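Coordinate inspection notes
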Amino acid sequence: MLQKLSTIQPLIGHTPLVQLESGSLPVDLFVKLEYTNYSGSIKDRPAFHMLQEAIYSGAVTSTTTIVESSSGNFAIALASLCQRLGLNFIPVIDPNINPIYESQLTLLCRQVVKVDQVDYTGGYLLSRIEAVKSICQQPDTYWTNQYENPNNYLSYYKGLGPELCAQLPTLDYAFIGVSSAGTITGLSRKLKERYPHIRVVAVDVEGSIIFGNAPKPRYISGIGASKVPPVLQHAAIDEVIHVPHADIIAGSRALLTEQMIFGGASTGAVYWAIKNYPWQADRQRKPTVLFLCTDKGTAYLDTVYNEPWAQLTTEKSALVPSVAK
């Protein structure tokens, strides 16, 4: 497996950094195109690093079954890597997964577990985690555990962070979507070492409880969570913006029409947050602003980019009250 790992590693990372048209925004805007990674998303970075470290430590051997809870990209990354390495992988998903991702996982994995029990927050994450724990009672199983495994955020601290530091001579703002919190934790630590005055802005979805908001049903995968990821305690965050479902949809479409970047929902949320941030136009120098295009919008054609779905989801998210703990 170590030899196979060495052939995969060059296919992950060193993604393009592109300067965008900032329009009326008084900023210099840059995006890192993470969808050019091996399986098509930023999640290749932690998936590879977690598997590599588990193989090095002996926790994973050629007979081990890998298990993980994921709303999409992380499962696709693990499935692709495990297929290449000859490992069995069981993804645990829920009804909010994009249909394209579910079809892809069905093709790549011998078994896909789909939970349908809503947890107390109105989401499925806690139910998925219980299913993972149940599967892991079987012998020779390994849970990568993206919410607690330090190799999640270390993959960004050691990989994506240094890449950005080498590409950008100055950086004033980084807008980063949050789910398992690995990206923002690893990047915030590395970027603040290189750019001491940088402002790290976390972007979350309404209904997510990551930053203490009341839980509410969420209908868009890839951003937000029904629990506070333990790795978040290591992050260095200056500000948090919660984006409503309707604005995530609007941000995704604006990114496509204004920048010709066909991104996923979390990228749309971040783009909306940047466009609506209270920028000061009277600064002596335009601030340099970074965000990540974590995946392509292809998997969201039936959801975020589908008008009937978008209208229904906007109506549902506006009507559903917060769920009390």
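Our subject is the structure that appears above.
This section reports on the structure supplied with the text. On a predicted model such as this, the values are computed, not experimentally measured, just so you know.

**Brief notes about the pattern of salt bridges**
The full count for this structure, using the stated rule, is 14 salt bridges. For D238, the salt bridge goes to K192, with nearest N and O atoms at 2.9 Å. Taken as a pair, D238 in the loop between β8 (199–205) and β9 (239–243) and K192 in helix α7 (residues 182–194) lie far apart in primary sequence, 46 residues in all. Assessed through its relative accessible area of 23%, K192 is described here as partly exposed. We note a salt bridge from K275 to E258, for which the minimum N-O separation is 3.2 Å. Residue K275 is located in helix α9 (residues 265–275), and its partner E258 is located in helix α8 (residues 245–259); the two are separated by 17 residues in the primary sequence. Classification of E258 by relative accessible area gives partly exposed; the value is 41%. A single salt-bridge network, built from bridges that share partners, covers K32, E34, R45 and E163.

**Looking at helix α10 (residues 307–319)**
Over its 13 residues, α10 runs 18 Å from end to end, which matches the ideal 18 Å to within 8%, given 1.5 Å per residue. Those residues of α10 that fall on the buried side of the exposure criterion are A310, T313 and S317. Taken end-on, α10 shows its buried residues confined to a sector of 70 degrees, consistent with a single buried face. Of the residues in α10, the exposed ones pointing more than 90 degrees away from the buried face are P308, A318 and L319. On the buried face of α10, the contacting elements are α8.

**A few points about the sheet that holds strand β2 (residues 28–33)**
With respect to topology, 6 strands assemble into an open sheet ordered β1-β2-β10-β7-β8-β9, the strand pairing being mixed. For this open sheet the edge positions go to β1 (17–20) and β9, each flanked by a neighbour on one side alone. The sheet shows a mean angle of 25 degrees between the axes of neighbouring strands, taken without regard to direction. Sitting on the sheet, helix α6 (residues 150–167) is in contact with β1, β2 and β10 (288–293), with an inclination near 140 degrees to β2.

**Section: the packing of helix α2 (residues 44–57) against α6**
Relative to each other, α2 and α6 sit at 120 degrees, their axes nearing to 8 Å. One element, α2, and the other, α6, form an angle in the oblique class. Judged by the twist between their axes, the crossing of α2 over α6 is right-handed. Within the contact between the two elements, α2 uses R45, P46, H49, M50 and E53 and α6 uses N151, N152, L154, S155, Y156, K158, G159, L160 and E163.

Cut-offs applied
- Residues numbered from 1 in each chain as written.
- Predicted model: local features only at pLDDT ≥ 70, side-chain atom pairs only at ≥ 80, totals over all residues.
- Heavy atoms only, no water.
- Salt bridge = Lys/Arg side-chain N within 4 Å of Asp/Glu carboxyl O.
- Helix = DSSP H or I, 4+ residues; strand = E, 2+ residues; numbered from the N terminus.
- Buried < 20%, exposed > 50% of the residue type's maximum accessible area, 1.4 Å probe, protein only.
- Expected span 1.5 Å × (residues − 1).
- Arc of directions from axis to C-beta.
- Contact = heavy atoms within 4.5 Å.
- Pairing = 2+ DSSP bridges.
- Axes fitted to C-alpha atoms, helices over the stretch in contact; angles between N-to-C directions.
- Parallel < 35°, antiparallel > 145°, perpendicular 65-115°, else oblique.
- Left-handed = near helix turned anticlockwise from the far one by under 90°.

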